[in-house]
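Single-letter residue listing:
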Amino acid sequence: MGNIIEINDLHFRYEPTGEEEAPPEVLKGIDLSIKEGEFVAVLGHNGSGKSTLAKHLNAILLPTTGSVIVDGIDTADEEKLFELRQRAGMVFQNPDNQIVSSIVEEDVAFALENLGVPYEEMRRRVDESLKAVKMYKYRLHSPAQLSGGQKQRVAIAGIIAMQPKCIILDEPTAMLDPSGRKEVMATIKRMNREQGITVVLITHYMDEAAQSDRVVVMDSGKIVMDDKPEKVFSQVDLMKKLRLDVPQVTELAWELKKAGYDISPEIISEDECVEAIIRLMSEE
Amino acid sequence: MPILETQELTYVYSPGTPFEKTAVDHVNISIEKGEIIGVMGHTGSGKSTLIQHFNGLLRPTSGKVLLNGVDIWEDKTKIRDVRFQVGLVFQYPEYQLFEETVFKDISFGPKNMGLSDEEIKRRVYDTAHDIGLSEELMERSPFDLSGGQKRRAAIAGVMAMEPEVLILDEPTAGLDPAGRDKILSHIKAYHQRTGNTTLIVSHSMEDIASFADRILVMSDSKLFCFDETVKVFSRSEEISQIGLDVPQITRVFDKLKKRGMDFGKEVYTVEYARNLLLKRLAEREAR
């Protein structure tokens, strides 16, 4: 399959305000290709540039130099802005900032109405999207009565209804409690697996990144790691230097390995860790 | 005598309407001076309603809140003093910064307490030091600070009142791992200097496990448990069932137990797990 996102030598700095000197670059030469259907997690501490990068994927920000091509559309092409945003939808951190209507199904239909989708088609897409995020039975509720996790799922349904090829989520679970986080992660994974939508997930949670196909790590405006989750997390020293955590099971495996035991440092799931410990304890 | 105590504390939202909901249901707890308490509960469990009773923001529908043995609602006119004795830091407190300079913002609370200029200054600088804000920042606008600095400045504003009980509602929400560790270590520094009772609401058991003496868990408006950290973790399966997150490492050791490998200990930090495993492995080799 082809690449849905192509970023070439992307540099970005905010416009200087007034007479100040030009502010420093936030993104310093990003090259990144993402394949259609991939589930990519982007990690990095606050200020590493990961949100700025995300905002380039649907033209909320435009490159200072370099280019961002999403599904064949150059994000700098103003005439194709609406088309671009239909193909690459974005979900933000705060659920309360992205709900516009007083009824769940109207909120999901909002973008479709703006796009002039015919009624029958709109009805079908709204229902399907709400079913996809398991919020169909709440379709006539007021969003104010929903939990944070449910609101985020409604926001995701609003994006799915546009039938995008790609969805970018900027820390969608940061303000949710553990059960809300689980709901949202399950929805994201299902959407990726069942509908083949490409997912770019910006997150602080290592356990979420561990569920992706590929982890991109950013630091000071550059990509410093880009590999499968188990390969990225097994570099515990480097991750700590980048002010990032690794899953607890990876850290434990790494500690045991350092102490001279034969255990793979590429453990990222609980079950792998359980098996490895059992093996270690029953070895002769 | 406990510093903070509740007796059959009950709070009902919108009583007598179709929206009537009991948010806190006959809760009895008792907290000793100097303790660090972790407060947990899923969204809607009643934990925020509960903590808003501790400084009199909410008045119990029935039951009592006692501060140093005195019912805080015994004399309604004294409720203002209760708010100086029990400081509450809300979620995302950085949205509440408003003054021209960081110094003025942090000194707002102490000033309202009617303290002398000298005492205010001491408190502002002491808390700024605990929370890791350098003196150069004191004359800056709070709006020019970084996100993490803003959060810390807002927390310092409550700490500077030196309340006997400090309550922080999810002080690390939305921060990256490094920012999270930083805030927690600064809160610990404040606790060490003042010895004041501290309550921290958090969704992260991993955070709480690393510093709380005791953990209070709310579920469905009721007190689910209030016990030493290690004992709470020994009920990790029930804790998962009520929608809370158990540290990954604890889940691994639960699974090992099910597979017949019982280490006989509650494991909730990586360090502890590492030491435990290394010890067992060494014992095996010695045999």
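In this text the structure is predicted, and so the values were computed from the model without any measurement.

Peer 1: How would you explain the pairing of strand β7 (residues 165-169) of chain B if you had to name every residue and give the values?
Peer 2: All names here are of chain B. Burial analysis of β7 places five of its five residues in the buried class, the great majority of the element. Bridge analysis of strand β6 (residues 86-89) against β7 gives four bridges, and the strand direction is parallel. The partner of V89 across the bridge, within β7, is L168. Taken together, the five bridges between β7 and strand β8 (residues 197-201) define a ladder with parallel strand orientation. Directly across from V165, in β8, lies its bridge partner T197. Note on the crossover from β7 through helix α6 (residues 177-194) to β8: the handedness is right-handed.

Peer 1: Account for the pairing of strand β6 (residues 88-91) of chain A, with residues named and values stated.
Peer 2: Residues and elements named next belong to chain A. Burial along β6 is two-sided: the residues A88 and M90 and G89 and V91 are all buried. The pairing of β6 with strand β7 (residues 166-170) spans four bridges and is parallel. When the sheet's bridge partners are listed, V91 is paired in β7 with L169.

Peer 1: Please give an account of the sheet that holds strand β1 (residues 4-13) of chain B that cites residues and values.
Peer 2: All names here are of chain B. The strand order across the open sheet built from four strands is β2-β1-β4-β5, with neighbouring strands paired in antiparallel fashion. Each edge of the open sheet is held by one strand with a lone partner, namely β2 (21-31) and β5 (70-71). Both β1 and strand β4 (residues 62-67) contribute to a ladder of five bridges, which runs antiparallel. Bridge pairing in β4 places E5 opposite L66.

Peer 1: Mind laying out the interface of chain A and chain B, listing which residues take part and the relevant values?
Peer 2: Each side of the interface is counted separately: chain A has 31 residues, and chain B has 30 residues. Among the elements of the structure, α6 (178-195), α10 (248-258) and α11 (270-282) of chain A are those that each provide at least two residues to the side of chain A that touches chain B. Ranked by residue count, the leading element in the side of chain A that touches chain B is α11 of chain A, at seven residues. Residues of the side of chain A that touches chain B, tallied by class, amount to 16 nonpolar, eight polar and seven charged.

Peer 1: Requested: an account of the sheet that holds strand β2 (residues 27-35) of chain A, with residues and values cited.
Peer 2: The antiparallel open sheet is built from four strands, whose spatial order is β2-β1-β4-β5 (chain A). What marks the edges here is a single partner per strand, and that holds for β2 and β5 (73-74) of chain A.

Peer 1: Explain the domain arrangement of chain B residue by residue, including any values.
Peer 2: All names here are of chain B. The assigned domain composition of chain B is domain 1 (4-239) and domain 2 (247-287). Put simply, the middle of domain 1 and the middle of domain 2, counted by C-alpha atoms, are 34 Å apart. Contacts between domain 1 and domain 2 engage nine residues on the former and six residues on the latter. Mapped by element, the contributors of at least two residues to the side of domain 1 that touches domain 2 are α7 (205-209), α8 (229-233) and α9 (236-241). If you tally residues by element for the side of domain 1 that touches domain 2, the top one is α7, at three residues.

Peer 1: Got a sec to walk through α11 of chain A? Specific residues and values, please.
Peer 2: In this model α11 of chain A runs 18 Å from its N-terminal to its C-terminal C-alpha over 13 residues, within 8% of the 18 Å that 1.5 Å per residue would give. In this structure, the buried residues of α11 of chain A make contact with α10 of chain A together with α10 (248-258) and α11 (270-286) of chain B.

Peer 1: How would you sum up the packing of helix α3 (residues 104-115) of chain A against helix α5 (residues 148-160) of chain A? Please name residues and give values.
Peer 2: All names here are of chain A. As a packed pair, α3 and α5 sit with axes 7 Å apart at the nearest point and diverge in direction by 35 degrees. Note that α3 runs across α5; the crossing there is right-handed. Contacts between α3 and α5 involve V104, D107, V108, F110 and A111 from the first element and V154, A157 and G158 from the second. Classifying every residue of the contact of α3 with α5 by side-chain character gives six nonpolar, one polar and one charged.

Peer 1: Now, about the nonpolar core: what can you tell me, with residues and values included?
Peer 2: Judged by nonpolar contacts, the single largest core of 150 residues is most densely connected at V42 and V200 of chain A together with I167 of chain B. In terms of domain composition, this core takes at least three residues from each of domain 1 (4-239) and domain 2 (247-287) of chain B. Every residue in contact with V200 of chain A, bar those within four places of it in the chain, is listed here: I34, V40, V42, A54, L57, C166 and I168 of chain A.

Reading the values: the criteria
- Residue numbers here run from 1 along each chain, matching the order of that chain's written sequence.
- Note on labels: chains are lettered from A, ligands numbered from 1, in written order.
- Only residues with pLDDT of 70 or above have their local features reported here, since the model is predicted, and side-chain atom pairs are shown and tallied only from 80 upward, although totals for entire chains, interfaces and linings are computed over all residues.
- Labels follow a simple rule on C-beta atoms placed from the backbone: if 20 or more others lie within 10 Å of a residue's own, it is buried; if 12 or fewer, it is exposed; otherwise it is partly exposed.
- A run of H or I in DSSP becomes a helix once it reaches four residues, and a run of E becomes a strand once it reaches two; helices and strands are each numbered from the N terminus.
- In this scheme, strands are said to pair when DSSP sees at least two bridges between them.
- A crossover counts as right-handed when, viewed with the strands pointing away from the observer, the path leading from the first strand over the helix to the second turns clockwise.
- Here, residue contact means that the backbone-derived C-beta atoms of the two residues sit within 7 Å.
- We call Asp, Glu, Lys and Arg charged. Ala, Val, Leu, Ile, Met, Phe, Trp, Tyr, Cys and Pro are nonpolar, and the rest, Gly among them, are polar.
- Residue ranges for the domains originate in an automatic or database domain assignment.
- Multiplying 1.5 Å by the residue count of a helix minus one yields the expected span of that helix.
- Between N-to-C directions, angles span 0 to 180 degrees; the directions come from axes that are lines fitted to C-alpha atoms, helices contributing only their stretch in contact.
- Each helix crossing is assigned a hand: it is left-handed if the near helix lies turned anticlockwise from the far helix by less than a right angle, otherwise right-handed if that turn is clockwise.
- Think of a nonpolar core as buried Ala, Val, Leu, Ile, Met, Phe, Trp, Tyr and Cys residues chained together by C-beta atoms that fall within 7 Å.

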